[in-house]
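The chain contents come next:
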Amino acid sequence: MIRFVRPSALVLRTVHVLAIALCAVGLAAAAEETPPRYLDSSRPIDERVEDLLGRLTLDEKIALVHANTKFTNAGVPRLGIPPLRLSDGPHGVREEISADSWKPAGRTDDFATALPVGAALAATWNVDLARAYGGVIAAEARQRGKHIMLAPGVNIVRTPLGGRNFEYFGEDPWLSSRLAVATIRGLQAGDVAACVKHFALNNQETSRSSVDVAVSERALRELYLPAFEAAVREAGVLSVMGAYNRYLGAYCCENDRLLNQILKGEWGFRGLVMSDWNGTHDTRAAFFGGLDLEMGTHKPFDEFYFARPLRDSVQRGEFPLAVLDDKVRRNLRVLFATRALDDRPPGAMNTPEHQAVARRVAAEAIILLKNAADLLPLDPERVKAIAVIGDNATRLQCHGGGSSEIKPLYEITPLAGILERVAGRATIIHAAGYRPPAQRRTGAVDAAGIARTENAADAQKAAAAELIERAVAAAKAADVAIVVGGLNHDHNQDAEGGDRTALGLPYGQDELIARVAAANPHTVVVLVAGSPVAMDPWLAQVPSVVQAWYGGMEAGRALADVLFGDVNPSGRLPVSFPRRLADSPAHASGAARHYPGEKGQVHYDEDLLVGYRWFDAKGIEPLFPFGFGLSYTKFAYSPLRVTSTGRGADLAVTVECDVRNAGDRAGAEVVQLYLERVGADATRPPQELKAFAKVALAAGESKPVRLTLNARSFATYDPALPGWRIEAGDFRLHVGSSSRDRRQTVDYRVPAAVVLGR
Ligand code: BGC
């Protein structure tokens, strides 16, 4: 029998000093092996990691856990270990940044494919496309020598004002999870590590670097964590970025509860946790709180918390070497998993295939919100004069918004896309309609190197009336007026580092749209925006409204595809569009405590009722509901067939339905399944999305659609347990075209309670 004896403090200290001494001479058991095991790509990753770890000096280990440029660590040149190369993300590979400043490096080989933003990808509800999207980024990242892409961003949209909503996958945890898993799989299948961000609760930009989020354990588990959990448990994501904000009083990049207990403990995450840029605040807190790689701190690289201060603490025996080794292992795992030391095949940049994916995502993301009298699609043979109005018709959007900006090889604006589509057949009359104030740099730069801007003195006011008059004249002279407006990437719009200040359209667009619609009854409003905007001032007068998001470099062509009917719109809202700000949960009370926080804390008192869960529970009519989007055709749903197999944790329920394209045009439907708990549990939201499928159908075609649920689909999180559990009882499964357009329902009974645990 082996007896374990607790070693004395002296013995421990001696072992520690010895270990450091061994490190210091770079002692490696296998030093004479040729080739060393860590270079042998046929060996398992963990074996290679252990071999390499054993060869590292303390200084080399320290060099691996902190940055030595804006986007790399130092690697270990002595052993041929390259720097770990990171890049933003999440919509393509960002341009090269200088080593120690945020200035662009000024290269000419870093023009990239600019894919549509995350909100647009979410609006496609197409997981195959999300996988292709990840694949494009992986190929370009490989070509640029990157090992980690800082993508995807999966924070839940809690407020329609969130400055980074455009980067995320919307308000629903199931939709976000599916897109996260698919994107990560696409990325990592291409030998590039994904980095899911920002873990966790970074749901607003206002006070993002300090605000402490007070949220119930249940809302945390059921709304804010599932996309991260799926990224880890299903997709095997290789890295995670901590958020700037605090949770339980501790910064998320140093948060023992989030990083050690939940992420690494419960979910078994074996990859690396990096800080957000300048999100580290203390050596001890970060070291013991679960951080593995410190990035972007506003200090000289040698003074980073995980540089000299950490080395000194380890050397003095204050911090255990074993904890440092764990961090180094996690860094090295990513290096080996991305084949950084092997013959990683080269990638490819800016291929026609990549551009085709960008266009397809942009087109599938477009949501037809309103189409009275079937104004759309436009017939290119019959429309002879088109007025294209609005600043967003000509504005370049890819290079903006903060750290997610891309330097695109080219960018097709809406005006350019429409011009190309009707070339030679119709006259285009362009009018600016409105003009956002010029931006002036304030001199301040935030953590991600984004130069703070503000509106320069509004010299345009006088010009506004004239811009509107010209737009009205253009609209009068045309068969159709297309107003391309919405938001943009200026500060306090859809941009990192600040939230919007109101739901309404900026720059006097309400008046412009109302005047144009009055001048031409055939008016289409195209909203280029990452979040909902208020539409009441003009919606009743405008026959057609299209939500186009930021569609990347092919945005203009994708828009023309939809406007002229080459693509039948199949986008669906990944967020609820409220009629007014007070209708949405974070703003209902109007209290600072709920948004943006007071005394350093923001309270998520709406609890589980985020997004449509709130609108449903409170009986509020949204402007456009979650899951909504029109098509140029119609779909019919057969009654549902439900079958189940397995019991308890192995339960699998299948819901089948035949969906028929009842119109005369090919199209795609997003079939959505919402789960309702009947009676009993008043704490549950009235309904929750638990499955969906996108199905393409030729005119008249019918296809069976199968949606599956598992035990977790029925479960809620019980903090007392703690863990997931299912109550026995009756459920109603609704299948339909949006959260408010449920076509078929079937009842299902869970016969016995089940404890699933964590
Ligand atoms: C952002 C991250 C980004 C990082 C590096 C931060 O400000 O929050 O999403 O990846 O900068 O640019």
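Our subject is the structure that appears above.
Since we're looking at a predicted model, the values are computed, not measured.

Visitor: Any chance you could explain the environment of Ser313 here in plain terms?
Guide: Turning to its location among the elements, Ser313 is positioned in helix α11 (residues 308-315). A sequence separation of 271 residues divides Ser313 from Ser42, and the C-alpha atoms of the two residues are 37 Å apart.

Visitor: What's the story with the sheet that holds strand β2 (residues 148-150) in this structure? I'm lost.
Guide: The strands making up a sheet associate through hydrogen bonds between their backbones, and the pairing can be parallel or antiparallel. If you trace the five strands from one edge of the open sheet to the other, you get β1-β2-β3-β5-β8, paired in parallel fashion. With one partner strand each, in any of the chains shown, β1 (86-88) and β8 (272-274) form the two edges of the open sheet. Across the sheet, the axes of successive neighbouring strands diverge by a mean angle of 30°, strand direction being ignored. Where strand β5 (residues 239-242) meets β8, three bridges bridge the pair, whose relative direction is parallel. For Val240, the partnering residue across the bridge sits in β8 and is Val273.

Visitor: Just to check I follow, could you spell out the site of the ligand for this structure?
Guide: Around the ligand lies a shell of 16 residues, among which Asp88, Arg164, His198, Tyr244 and Asp276 are the nearest. A distance of 2.7 Å separates an oxygen atom of the ligand from a polar atom in the side chain of His198. Interatomic distance of 2.8 Å between a side-chain N/O atom of Tyr244 and an oxygen atom of the ligand. Notes on the ligand: free accessible area 310 Å², of which the protein chains cover 100%.

Visitor: I keep staring at the nonpolar core and nothing clicks. Help me out?
Guide: Here is a general trend for soluble globular proteins: nonpolar side chains tend to be buried in one another's company. Counting residues in each nonpolar core, the largest one holds 123 residues, and the members touching the most others are Leu86, Ile148, Phe199, Tyr224, Met274, Trp277 and Leu324. Beyond its immediate stretch of four places on either side in the chain, Leu324 contacts Leu58, Lys61, Ile62, Val65, Phe287, Leu310 and Val314. Among the nonpolar cores identified, the runner-up in size contains 78 residues, and Ala385, Ala475, Val525 and Leu623 belong to it.

Visitor: How should I be thinking about the sheet that holds strand β24 (residues 716-718) in this particular structure?
Guide: Ordered by their spatial adjacency, three strands build an open sheet running β24-β25-β28, and the pairing between neighbours is antiparallel. In this open sheet, the two strands that pair with only one neighbour each are β24 and β28 (754-757). The mean angle between the axes of side-by-side strands here comes to 40°, regardless of whether they run parallel or antiparallel. The sheet contacts of helix α7 (residues 217-224) involve β24 and β25 (723-726), and relative to β24 the element is tilted by about 150°.

Visitor: Would you explain helix α8 (residues 226-233) in this entry?
Guide: Residues lying three or four places apart along an α-helix face the same way, a consequence of the helix completing one turn every 3.6 residues. With seven of its eight residues buried, α8 lies for the most part within the structure. The set of residues buried in α8 consists of Pro226, Ala227, Phe228, Glu229, Ala230, Ala231 and Val232. Buried-residue contacts for α8 involve α6 (173-188), β3 (193-199), α7, α9 (256-266), α19 (711-714) and β25.

Visitor: Explain unusual backbone geometry to me, please; I cannot follow it from the model alone.
Guide: What you tend to see is this: most non-glycine residues have negative phi, and most peptide bonds are trans. Residue His198 follows Lys197 across a cis peptide bond; omega there is 0°. Summarising the element assignment, His198 is placed in strand β3. Tyr595 connects to Pro596 through a cis peptide bond whose omega is 0°. By secondary structure assignment, the location of Pro596 is in the loop between α17 (555-563) and β17 (601-603). Of note in the backbone geometry, Trp549 takes a positive phi value of approximately 55° without being a glycine. Looking at the element boundaries, Trp549 is found in the loop between β16 (544-547) and α17.

Each value, and the rule that gives it
Residues numbered from 1 in each chain as written. Predicted model: local features only at pLDDT ≥ 70, side-chain atom pairs only at ≥ 80, totals over all residues. Heavy atoms only, no water. Helix = DSSP H or I, 4+ residues; strand = E, 2+ residues; numbered from the N terminus. Pairing = 2+ DSSP bridges. Axes fitted to C-alpha atoms, helices over the stretch in contact; angles between N-to-C directions. Near = heavy atom within 4 Å. Polar contact = N/O pair within 3.5 Å; in protein donor to acceptor, adjacent residues only side chain to side chain. Areas by Shrake-Rupley, 256 points an atom, 1.4 Å probe, with all protein chains shown as cover. Core = buried A, V, L, I, M, F, W, Y, C linked by side-chain atoms within 4.5 Å. Buried < 20%, exposed > 50% of the residue type's maximum accessible area, 1.4 Å probe, protein only. Contact = heavy atoms within 4.5 Å.

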